[in-house]
Amino acid sequence: VAVTLPQEDARRLVELFATLRIFETGAGTWHQTDAARYLALSIASFGYQSAIAGDAGYRDPGEHVAYYRFLALVESEFRTMRGAQGYGSALGYSYRTLCRACQAATGLTPKALIDGRIMKEARRMLGYSQEPVYMIAEELGFSESTNFVKFFARLEGQTPEGFRTQWRGSTR
């Protein structure tokens, strides 16, 4: 069953999943097992409460199979595959079919979704690691760190170093 959440609820759920992922990778500071269990229960509870509150509209996930397959592939390949056409080919869909599926499910293009996933990981790495920007760029599949800096600045409105400085200042 797929659930459509209001934007603020969806944002909070994504934050909870990101926190859970941190604990799954051992990067958290709480007792790992208890933290992961707590977050998993929080996510399930949050989703259930949103669904029964009437804020969510249920829909058949079958109507967005291409979109969900695309998201799964983006999640596993975003570091190495950039072009939406490559994703479409890998999934056996035309570029046009992939665009229609993404637009119907989210209102966004496949390129915007790919870029969004890359940015999510870039923000996470900049915020939680000490790695220099050139190493983060390399890990995210950029051939040159300058390409990563331009990409990041275009989408975030500031350089990776500026983001890192601002983020670290806001978490103190």
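For every chain, the first residue of its written sequence is number 1, and the numbers climb from 1 along that sequence. Residues qualify for local features only when their pLDDT is at least 70, as the model is predicted, and side-chain atom pairs are given and counted only at 80 or more; totals for whole chains, interfaces and linings, by contrast, use all residues. Computation of side-chain values covers all heavy atoms of the structure but excludes hydrogens and water.

Caption draft 1: Region of the structure containing the overall build of the protein chain. Only DSSP runs of H or I with at least four residues qualify as helices, and only runs of E with at least two residues qualify as strands; both kinds are numbered from the N terminus onward. Counting its secondary structure elements, the protein chain contains 9 helices and 2 strands. When its helices and strands are written in sequence order, the protein chain yields β-α-α-β-α-α-α-α-α-α-α. For the protein chain, the residues scored as buried account for 33% of the 172 residues in total. Only heavy atoms matter for contacts: two residues are in contact if any of them lie within 4.5 Å across the pair. Taking all contacts inside the protein chain whose residues are at least 6 apart in sequence as the whole, residues at least 24 apart take part in 60%. A total of about 10300 Å² of accessible surface is found on the protein chain, and carbon and sulfur atoms cover 55% of it. Per-residue accessibility, obtained with a 1.4 Å probe over protein chains only, is compared with the maximum for each type, and a residue is labelled buried under 20%, exposed over 50%, and partly exposed between these values. Each accessible area value is a Shrake-Rupley result obtained with a 1.4 Å probe; residue values ignore everything except the protein chains displayed when judging cover.

Caption draft 2: Region of interest: helix H9 (residues 160-170). Residues of H9 that are buried include every one of Pro160, Phe163, Arg164 and Arg168, and no others. The buried residues of H9 occupy an angular sector of 120° when projected down its axis, which confines them to one face. Exposed side chains of H9 directed beyond 90 degrees from the buried face belong to Thr165 and Ser170. For H9, the elements touching its buried residues are helix H6 (110-128), helix H7 (133-139) and helix H8 (145-156). By arc we mean the arc of the directions from the helix axis to the C-beta atoms, nothing more.

Caption draft 3: Molecular detail of the state of the cysteines. Cysteine sulfur atoms are paired as a disulfide whenever they fall within 2.5 Å. Scanning the model with the defined rule gives 0 disulfides in all. Not part of a disulfide, Cys99 finds its nearest cysteine sulfur in Cys102, a span of 7.0 Å. Using a relative accessible area of 17% as the deciding quantity, one classes Cys99 as buried.

Caption draft 4: View of the side chain of Asp115. One can find Asp115 in helix H6. Exposure remark for Asp115: the relative accessible area of 7% places this residue in the buried category. For Asp115, the contacting residues outside a window of four places in its chain are Phe151, Arg154 and Leu155.

Caption draft 5: Expanded view of the nonpolar core. Core analysis: the biggest nonpolar cluster contains 28 residues, and Phe70, Tyr87, Ile114, Leu140, Phe142, Phe148 and Phe152 have the highest contact counts within it. Among the elements of the structure, helix H3 (65-77), helix H4 (84-91), helix H5 (95-106), H6, H7 and H8 are those that each provide at least two residues to this core. The element best represented in this core is H6, accounting for 7 residues. We define a nonpolar core as any set of buried Ala, Val, Leu, Ile, Met, Phe, Trp, Tyr and Cys residues linked to one another through side-chain atoms lying within 4.5 Å.

Caption draft 6: Main features of the pattern of salt bridges. Criterion for a salt bridge: a side-chain nitrogen of Lys or Arg within 4 Å of a carboxyl oxygen of Asp or Glu. Evaluated as defined, the whole model comprises 7 salt bridges. Each member of the salt-bridge network shares a partner with another, and the members are Glu75, Arg79, Arg117, Glu121 and Arg124.

Caption draft 7: Main features of the packing of aromatic side chains. Only the six-membered ring of Trp is used, alongside the rings of Phe and Tyr, when aromatic pairs are assigned; centres must lie within 6.5 Å, and planes under 30 degrees apart are stacked while those over 60 apart are edge-to-face, with the rest tilted. One pass over the structure, following the stated rule, counts 7 aromatic pairs. Where Phe70 meets Tyr87, the ring centres are 5.5 Å apart and the plane angle is 80°; that geometry is what we call edge-to-face. Here Tyr87 lies in helix H4 and Phe70 lies in helix H3, a separation of 17 residues in the sequence. Relative to Phe152, the ring of Phe148 has its centre 5.9 Å away and its plane inclined at 55°; by these criteria the two rings are tilted. Residue Phe148 and its partner Phe152 are both found in helix H8; the two are separated by 4 residues, about one turn of the helix. An aromatic cluster is built from Phe142, Phe148, Phe151, Phe152 and Phe163, whose rings are joined through pairwise contacts. Geometrically, a charge over a ring is one whose NZ (Lys) or CZ (Arg) sits within 6 Å of the ring centre while staying within 35 degrees of the ring normal. The ring of Phe142 is capped by Arg82, whose NZ or CZ atom sits 4.4 Å from the centre of that ring.

Caption draft 8: Seen up close, H8. For a helix, the expected span equals 1.5 Å multiplied by the residue count minus one. Taking 1.5 Å of rise per residue, 12 residues should cover 16 Å, and H8 covers 16 Å from first to last C-alpha, within 8% of that figure. For H8, the elements touching its buried residues are H6, H7 and H9. Within two residues after H8, Gly157 carries a phi angle of roughly 85°, on the positive side.

Caption draft 9: Spatial organisation of the packing of H6 against H8. For helices, the axis comes from a line fit to the C-alpha atoms of the stretch in contact; other axes are also lines fit to C-alpha atoms, and the angle between any two N-to-C directions lies between 0 and 180 degrees. Two numbers describe how H6 lies on H8: the axes approach to 11 Å, and their chain directions differ by 105°. Compared by their axis directions, H6 and H8 come out roughly perpendicular. Taking contact as the criterion, the partners of Asp115, Ile118, Met119, Ala122, Arg123 and Leu126 in H6 are, on H8, Phe148, Phe151, Phe152, Arg154, Leu155 and Glu156. Among the residues forming the contact of H6 with H8, the class breakdown is 8 nonpolar, no polar and 4 charged. Angular relationships are summarised with four words: roughly parallel below 35 degrees, roughly antiparallel beyond 145, roughly perpendicular across 65 to 115, and oblique for the angles in between. All amino acids are sorted into three groups, where Ala, Val, Leu, Ile, Met, Phe, Trp, Tyr, Cys and Pro are nonpolar, Asp, Glu, Lys and Arg are charged, and the leftover types, Gly among them, are polar.

Functional significance is not addressed by these values, which are geometric in nature.
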